[in-house]
Amino acid sequence: MLALVACGVSAAAMAQDTGLRRLTDREDVLGWEAVGRLELKGQGFCTGTLIAPELVLTAAHCVYGRDGMLRPAEQIIFRAGLRDGVAIAERQALQIAAHPGFDPQRRLDMNNIRHDVALIRLVQPIHSHEADAFALHAARDYGQDISVTSYGMGRAEAPSRQRHCNLLGEQDDVMVVDCNVTFGSSGAPVFSQVGGRGRILALVSGGGSYNGRKVAFGMKLPERVAELKAQLRRNPVKPPGPPIKRIRVGNGSLSAGGAKFVRPEG
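Just so we're clear, the structure is a prediction, and the values are computed from it rather than from any experiment. (Residues numbered from 1 in each chain as written. Predicted model: local features only at pLDDT ≥ 70, side-chain atom pairs only at ≥ 80, totals over all residues. Heavy atoms only, no water.)

## Focus: the state of the cysteines
- If you walk through the whole model with that rule in mind, you get two disulfides.
- Each sulfur of the disulfide joining Cys46 and Cys62 lies 2.1 Å from the other. Its torsion about the S-S bond being -90°, the disulfide of Cys46 and Cys62 is classed as left-handed. Residue Cys46 is located in strand 3 (residues 45-52), and its partner Cys62 is located in the loop between strand 4 (55-58) and strand 5 (77-80); the two are separated by 16 residues in the primary sequence. Per residue, the accessibility class of Cys46 equals that of Cys62, and both read buried.
- Covalently, Cys165 is tied to Cys179 through a disulfide, its sulfur atoms 2.1 Å apart. (Disulfide = S-S within 2.5 Å. Helix = DSSP H or I, 4+ residues; strand = E, 2+ residues; numbered from the N terminus. Buried < 20%, exposed > 50% of the residue type's maximum accessible area, 1.4 Å probe, protein only.)

## Quick word on the side chain of Arg71
- As for its placement among the helices and strands, Arg71 is situated in the loop between strand 4 and strand 5.
- Buried within the structure, Arg71 lacks any salt-bridge partner; its nearest side chain of opposite charge belongs to Asp67, at an N-O separation of 7.6 Å.
- Setting aside chain neighbours within four positions, we find Arg71 in contact with Leu40, Gln43, Cys62, Val63, Tyr64, Gly65, Ile76 and Ile96. (Lys, Arg positive; Asp, Glu negative; His and termini not counted. Salt bridge = Lys/Arg side-chain N within 4 Å of Asp/Glu carboxyl O. Contact = heavy atoms within 4.5 Å.)

## Re the sheet that holds strand 2 (residues 35-39)
- The strand order around the closed barrel built from six strands is 2-3-4-7-6-5, with neighbouring strands paired in antiparallel fashion. Each neighbouring strand pair of the sheet contributes to a mean axis angle of 40°, computed without reference to strand direction.
- Sheet topology note: the strand 2/strand 5 ladder contains four bridges and is antiparallel. Its bridge partner lying in strand 5, Glu39 is registered against Ile77.
- Where helix 5 (residues 222-234) meets the sheet, it contacts strand 3, strand 4, strand 6 (89-98) and strand 7 (118-122), and its direction lies at approximately 95° from that of strand 6. (Pairing = 2+ DSSP bridges. Axes fitted to C-alpha atoms, helices over the stretch in contact; angles between N-to-C directions.)

## Structural notes on the pattern of salt bridges
- The final tally for this structure, using the stated rule, is 14 salt bridges.
- In this structure, the salt-bridge partner of Asp28 is Arg21, at a minimum N-O distance of 3.7 Å.
- Salt-bridge contacts for Glu170 lead to Lys220; the nearest nitrogen and oxygen are separated by 3.3 Å. Residue Glu170 is found in strand 10 (residues 167-171), and its partner Lys220 is found in the loop between strand 15 (213-219) and helix 5; the two are separated by 50 residues along the sequence.
- Accessibility expressed as a relative area gives 30% for Lys220, which makes it partly exposed.

## Notes on the pairing of strand 11 (residues 174-177)
- Of the two faces of strand 11, the one carrying Val174 and Val176 and the one carrying Met175 and Val177 are both buried.
- Pairing geometry for strand 10 and strand 11, over four bridges, is antiparallel. Directly across from Gln171, in strand 11, lies its bridge partner Val174.
- In textbook terms, the turn of a hairpin is the stretch between consecutive antiparallel strands, and for strand 10 and strand 11 this stretch comprises two residues, one of which, Asp172, has a positive phi near 50°.

## Describing the environment of Val190
- When you line up the elements, Val190 lands in strand 12 (residues 189-192).
- Separated by 41 residues in sequence, Val190 and Thr149 have C-alpha atoms that sit 7.2 Å apart.
- Those residues in contact with Val190 that sit more than four places away from it in its chain are Ile146, Ser147, Val148, Arg199, Ile200, Leu201, Ala202 and Val204.

## Comments concerning the pairing of strand 15
- Counting buried residues along strand 15, five of its seven residues qualify, which places the element largely inside the surrounding structure.
- Two elements, strand 11 and strand 15, share four bridges in a ladder whose sense is antiparallel. When the sheet's bridge partners are listed, Met175 is paired in strand 15 with Gly218.

## Describing the confidence of the model for the chain
- Per-residue confidence for the chain gives a mean pLDDT of 85; residues scoring 70 or more make up 83%.
- Ignoring residues within four places in sequence, the model shows residues 1-17, a span with pLDDT below 50, making 24 contacts including any to other chains.
- Taken as a whole, residues 250-266 scores under 50 in pLDDT and shows 24 contacts with residues more than four places along the chain or in a different chain. (pLDDT = per-residue confidence, 0-100.)

Following this line, the structure appears as structure tokens:
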């Protein structure tokens, strides 16, 4: 893989300006609302992206706790387009599917990176008028324009967008890119731009360095995501229903509330 990295960098790519820009204003976020911050109940955060009104795509290692066990869904909140404390939409997780090929007890080696993908089904959908979900890139042509939008340590309060980064190499469904990522960028979408709106080419799994140059690792997605969707269908979870009102004859009515979810901040 490192040999591929060395061979895949051209002089033009090395010279290209790949600076990161904070999406500060509402107009900046326009079109990127489907990228959001995943809150992990006070245990950090990751980046996630809507790929359907009720489905968030992220890295598998984000949905496991420090004990190596899958996090309870109620511990995860997706905040779409979060910018300086205000989200376009905010939803509780209902169901989690992590790829069975990912082993949370092992280091992030090539096999784990290849399978470091998870889907989170939300309690309620986020409709397209709030945040328009992104499609996956399934074609062989990646185009010349690869970008990343992510949250991260030191820039956690708003998404940052890097308009240009480079695919340095790929092997066995694992990709190496020179996108600017850090802690919290796990699960961030790497976009390809092949006509029209960007499509998700890979997710940020982890980072490293080669010859003093920072690199990030991701994976091809269509097959992994199809497997995760099938997993969700095999193990359906019913969303909580509305509160039930019980009528007492002669005594008015009583409201029986359902489960109440607590925000990560308490």
